[in-house]
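What follows is the residue order along each chain.
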Amino acid sequence: MEFLKKIQSLFKPKEEVIGVDIGSNTIKLASISRSANGCSLTRLYSCPTPSMTIKDGAIIDAHALGETIGDLLRESGFSTSAPPRVISAVAGQSVVIRPITIAQMTERELQTAIKFEAEQYLPYSVTEAMVSGMMLNKNDAKNKDGNKQMDVLLVAAPNEMVKNTREVIQQAGATPDAVDLEPFALLRALENSYDAQTLNRTIALINLGAASSSINIFKAQELRHNRTIGVAGNSFTKAIGQSLNLSFEEAEKIKKEKGQIRVENDATPVAPTTMRIFNVVIPVLTELVTEIQRSFDYYRSRYQNESVDLVILTGGTSRFKNIDIYMSNELGVECQIANPFRGMSLKDVKGNSAQSIEDMAPMAMVVMGLALRS
């Protein structure tokens, strides 16, 4: 929890705000209320992301996105005449979140030195980015010059990406209270929905989005590894479309309606179309498992053979039937589907029925993490 408090202090909101997750496929909005009895979900709304507004994770039409989010805010009961405060997030390969080891120094010295340290890790100039460093812990190890070292979390995002995200919220008639980083929103939702014993384990939280996926490994609520990969929901859809000669929209529809992953020891008969879809997506599944295993191998090499204890899948693609069982079998690790609503009151939620809230749970992890920051 101390780790998250430090992260929150980087962009601390002034008052309760609305979480808005701008996905490449779906926009989600959520708000919560707090009381002595805990948190209650008050609003949960979603709508499709307008086509041609986001490409490869980058916003290319802030005006159209802003109009859509403005409509969603009004639908959910927020008046844009008195601009609501919104927290959104950025993610993708341009966002760098990396534990590094440097010489021990004070907090003040770190914020100056981190920009020089960041040069070797960023795929862009530090002058074009928001860069920060957060002390994780000091250790007794010394560098080649005999100086003591400390572990630091390097955090960086391109200025342009943050600027465009804020512009979208302003176009929606709202006030951008903060632009968070997706892994920290995921951690916040994780901490709110799991018990302390589970949180002390090493957890790989894998966000299977539409255009990209992120692999986030947490140890005792501390982010130790973050990586974005291109294997995601659209990869499955494209494979189905090419094999069955369908448009992207048609392939997406049939994936959701008839897609199912076959797992060992399951002899339940399935329709021929379902079996054909599974055979088509096997190469994509194999690539996804390979990329996840690569991150696990890197983690073990960096942290002296520590292993992942639990895999939690989130994002729209985590709703692909049996994907948790398949991943557990392939990775040899317990695997669950995320539910950020666990332990939260859902009595009077505007925007969704009880059944639709349950259906949205796997894809609501980021937006709930953003709403929980308020």
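Data block above holds the structure.
Residues numbered from 1 in each chain as written. Predicted model: local features only at pLDDT ≥ 70, side-chain atom pairs only at ≥ 80, totals over all residues. Heavy atoms only, no water.

**Some thoughts on the pattern of salt bridges**
The condition is simple: What makes a salt bridge here is a side-chain nitrogen of Lys or Arg within 4 Å of a carboxyl oxygen of Asp or Glu, nothing more.
The final tally for this structure, using the stated rule, is 14 salt bridges. We note a salt bridge from Arg188 to Asp180, for which the minimum N-O separation is 3.1 Å. Linked by salt bridges that have partners in common, Asp180, Arg188 and Arg373 make up one network.

**Structural notes on the sheet that holds strand β10 (residues 175-181)**
Put simply, the rule reads: The pairing criterion is simple: DSSP has to find at least two bridges between the two strands. Strands here mean DSSP runs of E at least two residues long; helices mean DSSP runs of H or I at least four residues long; both are numbered from the N terminus. Helix axes are fitted only over the stretch in contact, all axes being lines through C-alpha atoms; the angle between N-to-C directions runs from 0 to 180 degrees. In this description, contact between two residues means that some pair of their heavy atoms is separated by no more than 4.5 Å.
The sheet built from five strands is open, its strands ordered β3-β2-β1-β6-β10 with mixed pairing. Of all the strands in the sheet, just β3 (38-48) and β10 have a single pairing partner and so form its edges. Each neighbouring strand pair of the sheet contributes to a mean axis angle of 25°, computed without reference to strand direction. Taken together, the six bridges between strand β6 (residues 85-90) and β10 define a ladder with parallel strand orientation. The residue bridging Val86 from the neighbouring strand is Pro176, located in β10. On the sheet, helix α5 (residues 182-193) packs against β3, β6 and β10 and is oriented at approximately 85° with respect to β10. In the packing of helix α12 (residues 365-372) onto the sheet, contacts are made with β1 (18-22), β2 (26-35), β3, β6 and β10, and the angle to β2 comes to roughly 40°.

**Digging into the packing of aromatic side chains**
Selection rule: When the centres of two rings from Phe, Tyr and Trp lie within 6.5 Å, Trp using its six-membered ring, the rings pair. Their planes under 30 degrees apart give stacked, over 60 give edge-to-face, and anything left gives tilted. Per-residue accessibility, obtained with a 1.4 Å probe over protein chains only, is compared with the maximum for each type, and a residue is labelled buried under 20%, exposed over 50%, and partly exposed between these values.
A full pass over the atoms with the stated rule returns two aromatic pairs. Between Phe236 and Phe320 the ring centres are 5.5 Å apart and the planes differ by 70°, which places this aromatic pair in the edge-to-face class. Of the two residues, Phe236 is situated in helix α7 (residues 233-244) and Phe320 in the loop between β14 (310-314) and α10 (323-331); the sequence distance between them amounts to 84 residues. We classify Phe236 as buried; its relative accessible area is 1%.

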